[in-house]
Every structure is written in C-alpha cells, then in structure tokens.
Amino acid sequence: MPSSFEHPQTAPEPAHGASAAAPRLTVAILAFNEERWIAQCIDSASFADEVVVVDAGSSDKTVEIARAKGAQVFIYPEWRGFAVQRNHLLTHSTGDFVFFLDADEVITPDFRDEILRIVAANDQKSIWRIRWQLVAFGRVLPASMSRTRVERLFPRRLIERFEGVVHEEAVLRECEVARHDMQTLLVHYTNPDVSTSMAKMVQYAMLGATKRKAQGKRGGVLRGLAAGSMAFFRYYFMRLGFLGGGAGFLYCLFKALESFFRYAALRYDYEQLSDDVQRRVG
C-alpha cells in the first residue's frame, strides 16, 4: 500500500540510465490464528509500499482482519514448514526490499524511520539484522534478555529461497554480502499467557528435536536437564531476567522447559519426529 510517511532522507542519485524511482519496500508477514495481534502488526507496517500476509489456514478472524487493514492476503493451508511459508511470501513480494515481520511483532516509529533510511540508501549488497524488545505476560522485559540477531531486511534480488525446519535461513544469490545490525529494537509480544506459552514451548521443542535428529544427535533426560538448567541460568541470571519480576521468571522457565523437552523428545519420540509440526500459536 502507498506510504503517506515522508522519507527522512533523500535516496542517492541513480546512475546514468537507471530508473529514478525510489526503491520500494514490502513488509512480509506470516500468520496463523493471529487475531489477537494482526491488526496492530499491520497498522505498524502501513508505511510500506505493500504489506503481504501469508496465512497457514487460520480458523479465527486473522484473514478477515488482515484484509480489512489493507494487506494482500494469500492462504496456504497445507503446512510444509516455516521455510516454505517464507518462500510463499517471496513469491508475492514485489518490493526492492523485503522486511520480514512476524504477526506478534510491532514496528515502532523509531524502527520505521530506521528502515526507511536504509531503503532510501538502496544498498543492494547488504542485509540487516534485528534484535527484540520482548514483552511477555504483559510486562516489558529488560533489553538484555534478547541478544539474538536475526536477519530480517533484505534486498529482494539477493534471496534465492529459505531453508530450515525452524529458525529458517535465507539462501543468498551472492556470497559477498555485508551484514549490519539495526540499532532500534523491534517490539515482540512473546508469551502473552501461560496457555499460549505451553503450546509454543511444545512446538519449538519438537521442531528443535527434529532439527537435531537431522544432524545425527541423540537426546535423553540427563542431556535435557543439563540443557534446561543452562538455559535458565543464562536467561535468568546472565541476561538479567530476574529484573522482569514474575513475568521474567516465567519467560526464563519456559525457555528452560523448551530446552529440556527438546532432548527428551529426541530420545523418546525419535521415530515420530518430522518437520511437519504445524504452527499452533502466534
């Protein structure tokens, strides 16, 4: 959709003979039963030239809300993994740049301004990574809780496809690509309540077990206890989760449980593990 936001800086002059048109931005969103978050997610992305939503067959009002908000919505109910769904997003994205946004994430005005500066500069040889400002159980957690950097903003021409069962990665058409960290945090409404957190924990534990099965790894209760204990220590103490009060404790506990059950499933559900674990929650 056309942007009504004025770009904070002017794009560089095009080379002789090149098009003078400003580079276009697509915000691409994966969704499945996201009626709680999808409206504010799309509203926050409304500055983009187009907003594309690929839905995995939601049974709630996600599709209806997304269309009412002006997004282009495409439905692919046959689940074949996150990478396949992201490849569907690529198919329907026409912008020169693509920013991948999850339905439970929100672009703040400062984050929007940073994206627009990057797109206006039209660097076709770089990709950009984000970090999150986590909001869990109704509370903003310390910024130190999120240290993972995830590649989200790409020149469209650089992406060949996505691969991977969970935490899918882009396969690029060029080897020599610069990677930059965005300075503004992306707001992520993770773990809104206990029931959603339990479903999400099971999903990612099983996907993580499947990934490790493909790598030839083995699991077990003792490995799970070790991994879970280390995860809790890392998030609660080293990343200052204790500063988040009860919400911080719950978030760290669910991260630890995910680590434990990942290795338990790798041992006791080994034969049943496959990459078709459908996304259950947002």
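This report concerns the structure included in the present document. (Residues numbered from 1 in each chain as written. Predicted model: local features only at pLDDT ≥ 70, side-chain atom pairs only at ≥ 80, totals over all residues. Heavy atoms only, no water.)

Looking at the pattern of salt bridges
If you walk through the whole model with that rule in mind, you get 15 salt bridges. The partner of Glu174 in a salt bridge is Lys125, and the shortest N-O contact between them spans 3.0 Å. Note that Glu174 is positioned in the loop between strand E11 (169–172) and strand E12 (178–181) and Lys125 in the loop between helix H4 (109–121) and strand E6 (126–130), a separation of 49 residues in sequence. Across the salt bridge formed by Arg129 and Asp181, the nearest N and O atoms sit 2.8 Å from each other. Of this pair, Arg129 sits in strand E6 while Asp181 sits in strand E12, placing them 52 residues apart in sequence. A residue is classified by how much of its surface remains accessible, and Asp181, at 29% relative accessible area, is partly exposed. Where salt bridges share partners, they join Arg86, Asp102, Glu105, Arg152 and Glu168 into one cluster. (Salt bridge = Lys/Arg side-chain N within 4 Å of Asp/Glu carboxyl O. Helix = DSSP H or I, 4+ residues; strand = E, 2+ residues; numbered from the N terminus. Buried < 20%, exposed > 50% of the residue type's maximum accessible area, 1.4 Å probe, protein only.)

A look at the packing of aromatic side chains
What the rule picks out here adds up to 17 aromatic pairs. When the centroid spacing of 6.4 Å and the interplanar angle of 20 degrees are considered together, the rings of Phe137 and Phe254 count as stacked. Here Phe137, found in the loop between strand E7 (132–136) and strand E8 (139–140), pairs with Phe254, found in helix H7 (residues 245–268); they are 117 residues apart in sequence, far enough to count as distant. Of the two residues, Phe137 and Phe254, neither departs from the other in class, the shared state being buried. Arranged with centres 6.3 Å apart and planes meeting at 85 degrees, the rings of Phe154 and Phe162 form a pair that is edge-to-face. Pair check on accessibility: Phe154 and Phe162 agree, each one buried. Taken together, the ring pairs in this structure connect Phe232, Phe233, Tyr236, Phe237, Phe242 and Phe249 into an aromatic cluster. (Phe/Tyr/Trp six-rings, centres within 6.5 Å; stacked < 30°, edge-to-face > 60°.)

Quick look at unusual backbone geometry
For Asn33, which is not glycine, the phi torsion reads 50 degrees and is therefore positive. What makes Asn33 partly exposed here is its relative accessible area of 25%. Phi is positive for Phe137, close to 50 degrees, though the residue is something other than glycine.

Observations concerning the sheet that holds strand E3 (residues 72–75)
Hydrogen bonds between backbone groups are what pair the strands of a sheet, and the pairing can be parallel or antiparallel. Sheet architecture is open: seven strands sit in the order E3-E2-E1-E4-E9-E6-E12, paired in mixed fashion. Here the strands that pair on one side only, and so sit at the sheet edges, are E3 and E12. On average, each strand axis in the sheet is tilted by 25 degrees relative to the strand beside it, whichever way the strands run. One ladder, built from three bridges, connects E6 with strand E9 (residues 150–155); its direction is antiparallel. For Trp128, the partnering residue across the bridge sits in E9 and is Leu153. Across the sheet, helix H3 (residues 82–92) touches strand E1 (25–31), strand E2 (50–55), E3 and strand E4 (97–102), and the angle it forms with E2 is around 145 degrees. Against the sheet, H4 contacts E1, E4, E6 and E9, and its axis sits at roughly 155 degrees relative to E4. (Pairing = 2+ DSSP bridges. Axes fitted to C-alpha atoms, helices over the stretch in contact; angles between N-to-C directions. Contact = heavy atoms within 4.5 Å.)

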